[in-house]
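Descriptive structure summary
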Amino acid sequence: MTPARVFASLFLLLALYCGIDPFNHSPIADSPDFEAHLVEMPPWSEVPAAIDEQNLLQRSEIMFLNQVQGPESVAFDPLGRGPYTGVADGRIRFWNGGTWSDFAYTSPNRSEICDPKPSPLSYLKNEHICGRPLGLRFHKKTGDLYIADAYLGLMKVGPEGGLATSLVTEAEGVPLKFTNDLDIDDDGNIYFTDSSSKYQRRNFMQLVFSSEDSGRLLKYDPLTKETTVLLKGLQFPNGVSLSKDGSFLVLCEGSPGRLVKYWLKGNKAGTSEVFAILPGYPDNVRTNENGEFWVAVHCRRSLYSYLCGLYPKIRMFLLKLPIPTKYQYLFHIGGRLHAVVVKYSSEGKLLKILEDREGKVVRAVSEVEERDGKLWMGSVLMNFVAVYQLE
């Protein structure tokens, strides 16, 4: 047999193996209805290339090591106390300056299956039972804490804590599958995201790989108790934060790696536009006292993930290969976890990049909260809170 025929035979066998996947090694083997969607990527030349040559995030202080698992969001109450953070076992915990205590929880069905485990990912199997608080925001006037629970929807708990009350579990007849983040305007209206109408958080890798577009931006009016869908067709919408003057909000859209501006007031009210192209794929966004936006970037945009976004058929083929999810994910993020934090002006201009490109100290960041000259950084994947002193 000639070398050409040998190669052709091997290729056909590989194609057959990928199509059948007899040992279910593929990340999508258990998802027969999985589809890879086209991602509206910006021209590569528009992706910010600036880097933090000093790896400044390596100067961060690691706090509360092994005391918190997966602290996605970091919040301080109207009296300045905290931080408060939601952890992987479904609790919201409060730091009183000396010790951690339980402040609130979102699920009434807690049991021993929610007990502490070795790592944040250890909880995935039971998150839908124990609850998984993600975005946290305090109402500045009432002191109520509003919670985006990935499985249980939009919730609220009073200043004394305890079991949170459910506010929203569906919109327009479509259940909230992956409630992610929120913000509150001066009138008490809640703006929040539902990352997917198809995948729950425990299946977040399928959402990352598919880039499906059922995500939504929503508004909850506490007076009428009505929920309105403001934007549909979003690809992994995540963090949301109001501008300082309340005229617009900024939304993180994960799959395209961009910030979207949604106008709330003025002639453009009800319309949206691209606010900024990010160097990578965002998680949460928070507004500081100057009206600037801090964005936690999960990872930089690699050429591999960029091309996979543009060519979903190629992505589908690669995902059918007998390569475990862990390694497919590492391909997607460029080989290793590496924290990136970026700051944008209220006009969408890139002002600062802070990184730990080597992943030595701060390997991942989900949210950045600026407070008293420091950046408080939580991560859904880590077992600590990182604090960076601004210069």
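Below: a short report on this structure. (Residues numbered from 1 in each chain as written. Predicted model: local features only at pLDDT ≥ 70, side-chain atom pairs only at ≥ 80, totals over all residues. Heavy atoms only, no water.)

1. Here we look at the state of the cysteines
Heads up, the condition is: To count as a disulfide, a pair of cysteine sulfur atoms needs to be within 2.5 Å. Relative accessibility thresholds used throughout: buried, under 20% of the residue-type maximum; exposed, over 50%; partly exposed, between the two (1.4 Å probe, protein chains only).
Evaluated as defined, the whole model comprises one disulfide. Not engaged in a disulfide, the cysteine Cys252 finds its nearest cysteine sulfur in Cys299; these two sulfurs lie 13 Å apart. The exposure class assigned to Cys252 is buried, which follows from its relative accessible area of 0%. Summary of cysteine pairing: Cys308 is not part of a disulfide, and the nearest cysteine sulfur, belonging to Cys299, is at 12 Å. Owing to a relative accessible area of 8%, Cys308 belongs among the buried residues under this scheme.

2. Things to note about the packing of helix α4 (residues 303-310) against helix α5 (residues 312-319)
If you want to describe how two helices pack, look at the angle between their axes and the distance between the axes. Heads up, the rule is: Fitting a line to C-alpha atoms yields each axis, with helices limited to the stretch in contact; the angle taken between N-to-C directions then spans 0 to 180 degrees. Helix and strand assignments follow DSSP, with helices taken as H or I runs no shorter than four residues and strands as E runs no shorter than two, numbered in order from the N terminus. Contacts are assigned to residue pairs that have any heavy atoms within 4.5 Å of one another. Asp, Glu, Lys and Arg are counted as charged, while Ala, Val, Leu, Ile, Met, Phe, Trp, Tyr, Cys and Pro are counted as nonpolar; the rest, among them Gly, fall into the polar class.
The contact between α4 and α5 brings their axes to 5 Å, and the two run at 115°. Along the contact surface, α4 presents Tyr304, Cys308, Gly309 and Leu310, while α5 presents Pro312, Arg315 and Leu318. Tallied by class, the residues present in the contact of α4 with α5 amount to five nonpolar, one polar and one charged.

3. Considering unusual backbone geometry
Note the cis peptide between Gly82 and Pro83, where omega equals 15°. Within the fold, Pro83 resides in the loop between β2 (74-75) and β3 (84-86). Located in the positive-phi region is Phe64, a residue other than glycine, with phi close to 60°. Its place among the elements puts Phe64 in the loop between β1 (61-63) and β2. In this structure, Lys225 is a non-glycine residue whose phi angle is positive, near 60°. Structurally, Lys225 is set in the loop between β15 (215-221) and β16 (226-234).

4. Quick word on the pattern of salt bridges
What counts, and what does not: A pair is scored as a salt bridge if a Lys or Arg side-chain nitrogen falls within 4 Å of a carboxyl oxygen belonging to Asp or Glu.
As enumerated under the stated definition, the model contains 19 salt bridges in all. When the shortest N-O distance is used, the salt bridge between Arg91 and Asp89 registers 2.7 Å. By relative accessible area, which is 17% here, Arg91 ends up buried. Residue classification places Asp89 among the buried positions, given a relative accessible area of 4%.

5. Section: α5
Note the cut-off: For this quantity, the arc is that covered by the directions from the helix axis to the C-beta atoms.
Along α5, the residues that are buried comprise Pro312, Arg315 and Leu319. All buried residues of α5 lie within an arc of 55° about the axis, which places them on one face of the element. Next to the buried residues of α5 lie α3 (204-210), α4 and α6 (325-333).

6. Here we look at the packing of aromatic side chains
Rules: Centre distance within 6.5 Å is the pairing criterion for rings of Phe, Tyr and Trp, where only the six-membered ring of Trp is used; planes under 30 degrees apart are then read as stacked, over 60 as edge-to-face, and the remainder as tilted.
On inspection of all chains with the given rule, the structure shows 14 aromatic pairs. Between Phe76 and Trp376 the ring centres are 5.4 Å apart and the planes differ by 75°, which places this aromatic pair in the edge-to-face class. Of this pair, Phe76 sits in the loop between β2 and β3 while Trp376 sits in strand β26 (residues 374-378), and the two are 300 residues apart along the sequence. Phe76 gets classed as buried once you look at its relative accessible area, which sits at 13%. Ring geometry for Phe178 and Phe236: centres 5.9 Å apart, planes at 55°, overall tilted.

7. Remarks on the nonpolar core
Generally speaking, a soluble globular protein has its nonpolar side chains buried in company with each other. The cut-off we apply is this: The criterion is simple. A nonpolar core is a set of buried Ala, Val, Leu, Ile, Met, Phe, Trp, Tyr and Cys residues joined through side-chain atoms within 4.5 Å.
Formed by 42 residues in total, the largest nonpolar core has its most connected members in Leu57, Val341, Leu354, Val365, Val368, Met377 and Tyr388. If you list the elements that add at least two residues to this core, you get α3, β22 (293-300), α6, β23 (339-344), β26 and β27 (385-389). Residues within four places of Leu354 in sequence aside, it is in contact with Asp52, Leu56, Leu57, Trp294, Ala339, Val340, Val341, Leu375 and Tyr388. Grouped together as the second largest cluster of nonpolar side chains are 16 residues, Val250, Trp263, Val285 and Tyr344 included.

8. Structural notes on the environment of Phe192
One can find Phe192 in strand β14 (residues 190-194). Given a relative accessible area of 0%, Phe192 falls into the buried group. Each C-alpha atom, one on Phe192 and one on Gly135, is 9.0 Å from the other, the two residues being 57 residues apart in sequence.

9. Some remarks on α4
Structural remark: α-helix, 3.6 residues per turn; residues separated by three or four positions point the same way. The set of residues buried in α4 consists of Ser305, Tyr306, Cys308 and Gly309. Take α4 and look down its axis: the buried residues cluster within an arc of 165°, on one side only.

10. Some thoughts on the side chain of Arg201
Here is the rule: Two N or O atoms form a polar contact when they lie within 3.5 Å of each other; inside protein one atom must be a possible hydrogen donor and the other a possible acceptor, and for residues adjacent in sequence the pair counts only when both atoms belong to side chains.
Here Arg201 lies in the loop between β14 and α3. The exposure class of Arg201 is buried, given its relative accessible area of 8%. A polar atom in the side chain of Arg201 sits 2.7 Å from the side chain of Glu127. Other than its neighbours up to four places away in sequence, Arg201 contacts Leu124, Glu127, Arg132, Leu134, Ala150, Tyr151, Lys177, Phe178 and Val380.

11. Thoughts on the pairing of strand β24 (residues 350-356)
Where we set the bar: Strands are labelled as partners when DSSP assigns at least two bridges between them.
For β23 and β24, the ladder comprises six bridges, and the chain directions are antiparallel. Across the sheet, the residue bridging to Val340 is Glu355, located in β24. Connecting β23 to the next strand, β24, in antiparallel fashion are five residues, including Gly348 with a positive phi near 90°.

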